[in-house]
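Geometric and topological summary
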Amino acid sequence: IILFVVVFPATELKIQQQQRKKKLKMSSGGVDVLFDIRNAFYVGNYQFCAREAESFNADSEDVADDCKLLMYRAMVAQKKYAVVRGDISSDAPSALQAVKMLAEYSHSQSDSILEEAKKMQGDGISLTNPSVALLLATIFFNANNTDDALRCLHKVDTLESLALTVQILLHIHRVDLAKKTVKKMQEKDDDSTLTQLALAWVNLAVGGEKLQDTFYIMQDLGDKFQHTPLLLNGKAAALMMQGKYVEAEEALLQAQEKDSNNENTLVNLFVVSNYLGRSPEVCQRFVNQLRDSAPNHPFVVSLQKKEEEFATFSQQFAE
């Protein structure tokens with residue numbers, strides 16, 4: 001048996017991707033049939049996203065593939081790494097292979113996964129698939145490799161890729177470029193959930209009167225979809241930056257009821273508890289819980305490093 005591998009020129013690949021996007025949008029009379037599932041993922045309602053995607057009856061192969069991708073990405077967000085790795089076979093489409101890599105890296109932080117991602121980044125083909133480019137960028141960003149993450153997203157103009165670009169730019173303190181990227185998103189779809197979220201993130205970085213705008217965006221999205229830990233943490237961040245610590249704590253306690261081990265919630269509860277003068281035992285409880293549930297979280301790693309440095313200096317002065 002002779003297998004022929006056809007390599008399409010970049011322009012032809014781009015045309016194919018544009019046609020696929022049209023098919024996804026035009027299913028069922030021009031309506032995005034995955035709108036609810038997609039937006040559930042964006043606002044952090046991962047359980048709903050995974051459940052609905054699994055039972056969704058797709059009317060085309062393209063919609064089915066997109067639905068599977070959303071389902072497995074939601075499972076990764078829920079830390080169901082073994083399920084994702086076990087479900088996705090070696091002959092699955094490239095986008096699913098990429099989400100499997102994300103699951104493997106999220107579980108192990110393995111250098112071998114980063115090496116594989118680096119090879120895909122430079123093979124001249126992988127990044128022509130917007131979903132693969134997005135997932136590879138996510139892996140690099142999680143590894144704090146912002147340069148390669150931005151390289152993956154450089155030629156991709158989907159709203160998701162632009163939203164991730166905003167996150168990365170804010171992470172490296174390039175608020176000016178993040179603002180420009182949000183403007184691109186607004187030109188594409190001002191009402192999109194992703195555009196609204198990206199605008200809220202930039203407003204948090206800008207501060208001042210923009211903080212109240214962030215609060216309203218998170219509130220509106222919660223009213224429209226569901227008040228998830230992601231949105232409640234966004235509200236709490238805006239409130240804390242305005243000095244409204246009691247209201248921020250209320251939002252965070254709501255988030256904790258929905259997901260007791262949510263990493264961002266635990267970090268923010270630790271911060272707001274200190275501002276409110278809670279007892280050291282209460283504050284430390286959030287740190288201990290975070291260490292148990294997410295030992296590799298940047299906050300935990302940074303805190304551990306500072307504790308070790310303090311112990312070293314203390315010993316030096318004691319001698």
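Details of the structure are given in the entry above.
Predicted model, so just to flag it, every value in this text is computed and none were measured. (Residues numbered from 1 in each chain as written. Predicted model: local features only at pLDDT ≥ 70, side-chain atom pairs only at ≥ 80, totals over all residues. Heavy atoms only, no water.)

Here's the deal with the side chain of asparagine 262
Formally: For the purposes of this entry, the term helix denotes a DSSP run of H or I that reaches at least four residues, the term strand denotes a run of E that reaches at least two, and both are numbered from the N terminus. A contact between two residues is defined here by any heavy atoms of the two lying within 4.5 Å.
Structurally, the position occupied by asparagine 262 is in the loop between helix 15 (245–258) and helix 16 (263–275). Residues contacting asparagine 262, with those up to four places away along its chain left out, are Pro229 and Asn233.

Quick word on the environment of glutamate 257
Note the cut-off: The rule is simple: take the accessible area with a 1.4 Å probe, protein chains only, and divide by the maximum for that residue type; under 20% is buried, over 50% is exposed, in between is partly exposed.
Within the fold, glutamate 257 resides in helix 15. By relative accessible area, glutamate 257 is classed as exposed at 71%. Each C-alpha atom of the pair glutamate 257 and proline 229 lies 9.0 Å from the other, and the pair is 28 residues apart in sequence.

Examining the packing of helix 11 (residues 175–189) against helix 12 (residues 193–206)
For clarity, the cut-off: Helix axes are fitted only over the stretch in contact, all axes being lines through C-alpha atoms; the angle between N-to-C directions runs from 0 to 180 degrees. Here the word oblique covers every angle except those under 35 degrees (roughly parallel), over 145 (roughly antiparallel) and from 65 to 115 (roughly perpendicular). Crossing chirality is assigned from the near helix's rotation relative to the far helix, an anticlockwise turn below a right angle marking it left-handed and a clockwise turn marking it right-handed. Under the grouping applied here, Gly and all other residues not named as nonpolar or charged are polar, the nonpolar ones being Ala, Val, Leu, Ile, Met, Phe, Trp, Tyr, Cys and Pro and the charged ones Asp, Glu, Lys and Arg.
It is the contact of helix 11 with helix 12, at a shortest axis distance of 9 Å, that shows an interaxial angle of 155°. One finds that helix 11 runs roughly antiparallel with respect to helix 12. The element helix 11 and its partner helix 12 pack so that their crossing is left-handed. Side by side, helix 11 and helix 12 meet where Val175, Ala178, Lys179, Val182, Met185, Gln186 and Asp189 of the first sit next to Leu194, Thr195, Ala198, Leu199, Val202, Ala205 and Val206 of the second. For the contact of helix 11 with helix 12, a count of residues per class yields ten nonpolar, two polar and two charged.

So, unusual backbone geometry
A positive phi is found at glutamine 109, a non-glycine position, where the angle reads about 50°. Within the secondary structure layout, glutamine 109 lies in the loop between helix 6 (94–108) and helix 7 (111–121).

Regarding the nonpolar core
Most often, soluble globular proteins keep nonpolar side chains buried together rather than apart. As a reminder of what qualifies: Buried Ala, Val, Leu, Ile, Met, Phe, Trp, Tyr and Cys residues that are joined via side-chain atoms within 4.5 Å together make up what is termed a nonpolar core.
Ranked by size, the top nonpolar core spans 66 residues in total, and within it Tyr72, Val99, Leu136, Val166, Met185 and Trp201 carry the most contacts. With nine residues, the top contributor of residues to this core is helix 4 (residues 61–77). In this view, valine 99 contacts Leu69, Tyr72, Arg73, Val76, Val84, Ile88 and Leu135; residues no more than four positions away in its chain are not counted. Among the nonpolar cores identified, the runner-up in size contains 19 residues, and Ala238, Leu239, Leu252 and Val272 belong to it.

A word on the packing of aromatic side chains
Formally: Here is the rule: rings of Phe, Tyr and Trp (six-membered ring for Trp) pair when centre to centre is within 6.5 Å. Planes less than 30 degrees apart are stacked, more than 60 are edge-to-face, and the remainder are tilted.
Counting across every chain of the model gives six aromatic pairs. Both rings, one in phenylalanine 35 and one in phenylalanine 225, keep their centres 6.4 Å apart while their planes meet at 40°; by these two values the pair is tilted. Separated by 190 residues along the polypeptide, phenylalanine 35 in helix 2 (residues 35–42) and phenylalanine 225 in the loop between helix 13 (210–224) and helix 14 (229–241) bring together distant segments of the chain. You can call phenylalanine 225 partly exposed: its relative accessible area is 25%. A centroid spacing of 5.6 Å and a plane angle of 65° characterise the contact between phenylalanine 270 and phenylalanine 299, whose relative ring orientation is edge-to-face. Remark: phenylalanine 299 occurs in helix 18 (residues 298–318) and phenylalanine 270 occurs in helix 16; sequence separation between them is 29 residues. Ring pairs connect the aromatic residues Phe41, Tyr42 and Tyr46, which therefore count as one cluster.

Looking at the environment of leucine 252
Relative to the elements of secondary structure, leucine 252 occurs in helix 15. Taking the C-alpha atoms as reference points, leucine 252 and alanine 237, 15 residues apart in sequence, are found 9.5 Å from one another. Excluding anything up to four places from it in sequence, leucine 252 contacts Asn233, Ala236, Thr265, Asn268, Leu269 and Val272.

Topic: helix 10 (residues 159–171)
Formally: One less than the number of residues in a helix, times 1.5 Å, gives the span that helix is expected to have.
Counted at 1.5 Å a residue, the expected span for helix 10 with its 13 residues is 18 Å, and the 18 Å between its end C-alpha atoms agrees. Of all 13 residues in helix 10, eleven are buried, a share of seventy percent or more. Among the residues of helix 10, those classed as buried are Leu159, Glu160, Ser161, Leu162, Ala163, Leu164, Thr165, Val166, Ile168, Leu169 and Leu170. On its buried face, helix 10 sits against helix 2, helix 4, helix 8 (130–142), helix 9 (146–153), helix 11 and helix 12.

A word on helix 16
Using the following cut-off: Pairing of N or O atoms within 3.5 Å defines a polar contact, subject to two protein rules: one partner must be a possible hydrogen donor and the other a possible acceptor, and residues neighboring in sequence count only if both atoms are side-chain atoms.
Taking 1.5 Å per residue as the helical rise, helix 16 with its 13 residues ought to reach 18 Å, and the 19 Å between its terminal C-alpha atoms agrees with that figure. Within helix 16, burial applies to Thr265, Leu266, Val267, Asn268, Leu269, Val272 and Ser273. In this structure, the buried side of helix 16 is in contact with helix 14, helix 15, helix 17 (280–293) and helix 18. For helix 16, the N-terminal cap is asparagine 262; the gap from its side-chain oxygen to the backbone nitrogen of asparagine 264 is 3.2 Å. Immediately downstream of helix 16, the backbone of glycine 277 shows phi near 75°, a positive value.

This is a description of form; function is not addressed.
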